[in-house]
Amino acid sequence: MGLSAKLLNDVSDGKKGSKNLITDVPGVKVGQVTVDKDDVHSGVTAILPHTHNLFRNKVPAASYVINGFGKSVGLVQIDELGTIETPIILTNTFGVGTAVNALTRRMLAENPEIGDTTSTVNPIVAECNDGDVSNIRKMQLTEADVTTALNSAAETFTEGAVGGGRGMMCYDLKGGIGSASRVVEIDDDHQYTVGALVMSNYGFLADMVINGQPIGAPLAEMLAADKQKEEKGSIITVLATDAPLNSRQLHRMAKRATVGINRTGGFIGNGSGEIVFAFSTANQVAHFANHDIEMVPRFNDNHIDTFFRATAAVVDESVLSSLVHAKSVVDRKGRLRLSFCDAARRLANQQPRYQGMVDTVLTQLGVSQ
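Residues numbered from 1 in each chain as written. Predicted model: local features only at pLDDT ≥ 70, side-chain atom pairs only at ≥ 80, totals over all residues. Heavy atoms only, no water.

*Asks:* What is the right way to look at empty space enclosed by the protein in this model?
*Replies:* By rolling a water-sized probe across the atoms, one finds the places where empty space is left. On inspection of all chains with the given rule, the structure shows 2 cavities of 30 Å³ or more. As a volume, the largest cavity reaches approximately 40 Å³. Lining the largest cavity, in full, are Asn9, Val209, Ile210, Asn211, Arg263, Thr264, Asp316 and Leu320. Each residue belonging to the lining of the largest cavity can be placed in one class, and the counts come to 3 nonpolar, 3 polar and 2 charged. In this structure, the second largest cavity occupies an estimated 40 Å³ of space. Val40, Ser42, Asn92, Ser134, Asn135, Ile136, Lys138, Met139, Gln140 and Leu141 are the residues that line the second largest cavity. Here the residues of the lining of the second largest cavity sort into 4 nonpolar, 5 polar and 1 charged. (1 Å grid on protein atoms, 1.4 Å probe; cavity = no way out; pocket = protein on both sides within 12 Å on 5 of 7 lines; lining within 4 Å. Points joined across faces, edges and corners; volume = space filled by probe spheres on them. Nonpolar A, V, L, I, M, F, W, Y, C, P; charged D, E, K, R; others polar.)

Structure representation (structure tokens):
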């Protein structure tokens, strides 16, 4: 998935993974549930860092808050201890509590010792507000939806207006779930994968630039998108790698997600929520340790730019992939919310002078015409 074409301005020399998804990182799986019922258009996306017992075998991790207008759960303990011990759930703003309860019940069922003979558990949940498209006030998502998403986790999954991304808008067009990966070759004996998954819900259409083409401005004029409104969008980014990076290095990598988010025209508004999670599947941390001292390999910082470049590339492509794979939807008020591809084709049909730009951009994104 991701994009079938190579990014024209790809900042990474790494090749795409075999699936071009975050699940190219060995062990990572993604499951989703999409809820479409009357005026509710929402869902759940679950990311599993590995398929073993996450509480007993935690993954090194970090979080980074680019702008903190959000209701995420679990960040404080990630920053303090440098590990993630549950799957990561992405959903809408009013689904956070439901997701926390469902995820906690899941971990309790798998680990009878939690809250009894050992510590409690730190569930990881992040959100974006899909209330523009979906009737968020109905609080329609259930714990069963979260459980189904967890149980359906697999190495392949659908991108676009699905799962937690069902009701999201990106650059005033239909957004949602996007993913991409890069294989980083260090030398003949060492290669690693960096993958990203985003839930995109941010940006003004007039600001959008794709591969140097300012296609957002004429699209905004055609759709009468209001650039003067306050930026209240969000994007949640999850980064995964199998490289032996510790939590400090993962925190540094998470910061570079900002580069990928902004390459298409985002500027991080006052009321926006941009949260990044990063984890490594290497050097897993045992909850019940057998030794007081642990010796683990760590990648040298002097050569970490390769991972920073891969991070910028996979986040950039994930945003574009969320736009390319999303389909147009009818929102809670009966309005048609166009996908990027449908909007671009409408622009070419209504204003033929933009036909060349539209053809160029769609070709660069690997979209058949």
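*Asks:* Can you walk me through the packing of aromatic side chains in this structure?
*Replies:* Enumeration over the complete set of coordinates arrives at 4 aromatic pairs. Measuring from centroid to centroid gives 5.2 Å for Tyr171 and Tyr202, while their planes differ by 55°, and the two rings are tilted. With Tyr171 in the loop between strand 7 (169–170) and strand 8 (173–174) and Tyr202 in the loop between strand 10 (190–201) and helix 4 (216–223), this residue pair connects regions lying 31 residues apart in the sequence. Residue Tyr171 shares its accessibility class with Tyr202, and that shared class is buried. On the numbers, 5.9 Å between centres and 45° between planes, the contact of Phe204 with Phe267 is tilted. Of the two residues, Phe204 sits in the loop between strand 10 and helix 4 while Phe267 sits in the loop between helix 6 (257–262) and strand 12 (273–280), which places them 63 residues apart along the sequence. Among the residues examined, Phe204 registers a relative accessible area of 6% and is labelled buried. Through pairs of rings, three or more aromatic residues link up here, namely Tyr192, Phe299 and Phe307. The residue whose ring lies beneath Arg256 is Phe308, and the NZ or CZ to ring-centre distance is 3.9 Å. (Phe/Tyr/Trp six-rings, centres within 6.5 Å; stacked < 30°, edge-to-face > 60°. Helix = DSSP H or I, 4+ residues; strand = E, 2+ residues; numbered from the N terminus. Buried < 20%, exposed > 50% of the residue type's maximum accessible area, 1.4 Å probe, protein only. Lys NZ or Arg CZ within 6 Å of the ring centre and 35° of its normal.)

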